[in-house]
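# Commentary on secondary and tertiary structure
Spelled out from the first residue to the last, the chains are:
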Amino acid sequence: MSGTVCVVGLGYIGLPTSAVFANIGFDVIGVDVSRRIVDTLNNGDIHIEEDGLGELVKEVVKKGRFKASLKPQKADIFIIAVPTPHREDNTANLDYVVSATKSILPYIKQDDVIIIESTIPPRTVDDVVAPILNEAGFKAGEDIYLAHCPERVLPGRILIELVENNRIVGGINKVSAKKAADVYRTFVNGQVIETTAVTAEMSKLMENTYRDVNIALANELAKISDKLGVNALDVIELANLHPRVNLHLPGPGVGGHCLAVDPYFIVEKAPEQAVLIAEARNINNSMPQFVVDKLAEVLENKKSKVAILGLTYKGNIDDVRESPAMNIVRLLQDEEYELSFYDPYVRQEQVFFPLSTFEEAIKDSECILVLADHKQFKELDEEKILDYAKRPTIFDTRNCINVKSKEIIYYNFNNLYEIKKLQDALI
Ligand code: SAJ
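Residues numbered from 1 in each chain as written. Predicted model: local features only at pLDDT ≥ 70, side-chain atom pairs only at ≥ 80, totals over all residues. Heavy atoms only, no water.

Looking up the protein in an unreviewed UniProt entry gives the name Nucleotide sugar dehydrogenase, with the organism given as Rossellomorea vietnamensis. What the UniProt record of the protein gives under Sequence similarities (unreviewed entry) is the line "Belongs to the UDP-glucose/GDP-mannose dehydrogenase family." (UniProt positions renumbered as here; feature names shortened; annotations may be inferred.)

Here it is as structure tokens:
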């Protein structure tokens, strides 16, 4: 298949998608509102970090297959991959999707295929996008084709997953689904499944909601276990021996731009029905406070020095946005704890407080609070902890550290109910 593809939004999804299309022979115009991004890309450089992407973009720019621009151009396929931020009240802000759709109107011609990849609340293609096209004089589904094809890639593996993952393509009608699916079949090795637009919208949201609700169940188990004197992590391990059970893991809360956001898009559209989904969000949002309360018990309510290890929303990445660790930092700062921070992945300019080395962070600390499961934390230098810390205590909210020394007091979701007992033993 050949032709011209116009991709609107050159972020983590739009840029790799553009590069993949260009690589298999399409002429690709990438559109972004930022002149800096457009210039960077046309120079063959990239503005985001992603394995293999720099090389691929350089190559397709050099071959003349990919060009970035501030304005869309005529094309056979339009792909909209702009962000859908959530507002303060947790509703979806569709401004970018709407303005991107309007921006392509002057360039659409008969038989073009228009695909929305942005994550959107259910019914957005039918109730928001199609009316914009129809008001401009097109008949979506008849003279042009319209579909939603959600992205499902994981940062760090985007170029692999774009090709290998299954894709769901939901059309505004059958012929739209077929036309859009054929576009993805040019490079996807996984299955490309045709369905309706609203089914595709809902399946993307339910993938992340499934995970969020299951994590909420694990977090609730952690709280119940704390109250009843149960080892929560042992319970999870044992229950998961059952062939049809897959309990998730408790933690300091749920972060990232997907799990902590997507469920609200469903709640927004069906608040009376989405009771469990909304409550799961509340439970996960309550975890930072739970961690802070437990930490106060560990420190016997003294505002001592706490060394925070890990600030990102999950392990082995550098992303601190929407990270529950950042909420915990704010809560602890409000309560005027003395805090120090160490994260091998985070750069100083990403955060508003000073980062330290591991040694500086643990020096004179009375508790090491672990908030991200980075691989570097698996084996901490216990000699240093015993030497530098005022009280060698670890509270590991990610269950990621192997502690060997008997002199270090170690808490995770298995033994929170024992805080008092272990503290007394220390005296
Ligand atoms: N978490 C727990 N307990 C667990 C699992 C995760 O507390 O048992 C926490 C993590 O620490 C993190 C958060 O949940 O704070 C989210 O992490 P994640 O790895 O589950 O998900 P994301 O947001 O990085 O990526 C998800 C993925 N979706 C699913 O696995 C269903 C990814 O495939 C999607 O591409 C991405 O959302 C997206 O863009 O929607």
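Next comes the rest of the description.
### Concerning the sheet that holds strand β7 (residues 167-171)
With mixed pairing, the 8 strands of this open sheet are ordered in space as β3-β2-β1-β4-β5-β6-β7-β8. Since the sheet does not close on itself, it has two edges, and those belong to β3 (66-69) and β8 (192-196), each with one partner. Between one strand axis and the next, the sheet turns by 25° as a mean value, whatever way the strands run. Alignment of strand β1 (residues 4-8) against strand β2 (residues 27-31), held across 5 bridges, turns out to be parallel. By the bridge assignment, threonine 4 is partnered in β2 with aspartate 27. (Pairing = 2+ DSSP bridges. Helix = DSSP H or I, 4+ residues; strand = E, 2+ residues; numbered from the N terminus. Axes fitted to C-alpha atoms, helices over the stretch in contact; angles between N-to-C directions.)

### A look at the site of the ligand
In the vicinity of the ligand, 19 residues are found, and the nearest of them are Lys204, Asn208, Arg211, Tyr313 and Arg398. At 3.5 Å, a side-chain N or O of glutamate 151 approaches an oxygen atom of the ligand. Interatomic distance of 2.6 Å between a side-chain N/O atom of asparagine 208 and an oxygen atom of the ligand. Considering the ligand on its own, with 780 Å² of exposed area, one finds that the protein chains cover 84% of that surface. In terms of residue class, the shell around the ligand is made up of 8 nonpolar, 4 polar and 7 charged. (Near = heavy atom within 4 Å. Polar contact = N/O pair within 3.5 Å; in protein donor to acceptor, adjacent residues only side chain to side chain. Areas by Shrake-Rupley, 256 points an atom, 1.4 Å probe, with all protein chains shown as cover. Nonpolar A, V, L, I, M, F, W, Y, C, P; charged D, E, K, R; others polar.)

### Focus on the domain arrangement of the protein
The domains assigned to the protein are domain 1 (4-190) and domain 2 (195-427). On a C-alpha basis, the centroid separation for the pair domain 1 and domain 2 is 35 Å. Listed per partner, the contact involves 24 residues of domain 1 and 19 residues of domain 2. Buried surface at the junction of domain 1 and domain 2, both sides included, amounts to about 1,900 Å², of which 61% is carbon and sulfur. For the interface between domain 1 and domain 2, the tally reads 2 salt bridges. Linking glutamate 207 and arginine 152 is a salt bridge whose minimum nitrogen-to-oxygen distance equals 2.4 Å. (Domains from an automatic or database assignment. Contact = heavy atoms within 4.5 Å. Buried area = accessible area lost by both parts, 1.4 Å probe. Salt bridge = Lys/Arg side-chain N within 4 Å of Asp/Glu carboxyl O.)

### Some details on the state of the cysteines
A complete count under the given rule lists 0 disulfides for this structure. Unpaired in this structure, cysteine 6 has its nearest cysteine sulfur neighbour in cysteine 149, at a distance of 17 Å. Classification of cysteine 6 as buried rests on a relative accessible area of 0%. Of all cysteine sulfurs in the structure, the one in cysteine 367 sits closest to cysteine 400, which takes part in no disulfide; the separation is 13 Å. By relative accessible area, which is 16% here, cysteine 400 ends up buried. (Disulfide = S-S within 2.5 Å. Buried < 20%, exposed > 50% of the residue type's maximum accessible area, 1.4 Å probe, protein only.)

### Description of helix α12 (residues 287-298)
Its 12 residues give α12 an end-to-end C-alpha distance of 16 Å, which sits within 8% of 16 Å, the value for a rise of 1.5 Å per residue. Within α12, 9 of the 12 residues are buried, which leaves it mostly tucked inside the rest of the structure. Inspection of α12 places Met287, Pro288, Phe290, Val291, Val292, Lys294, Leu295, Ala296 and Val298 among the buried residues, and these make up the whole buried set. Downstream of α12 by one or two residues, glutamate 300 has phi in the positive range, about 50°. (Expected span 1.5 Å × (residues − 1).)

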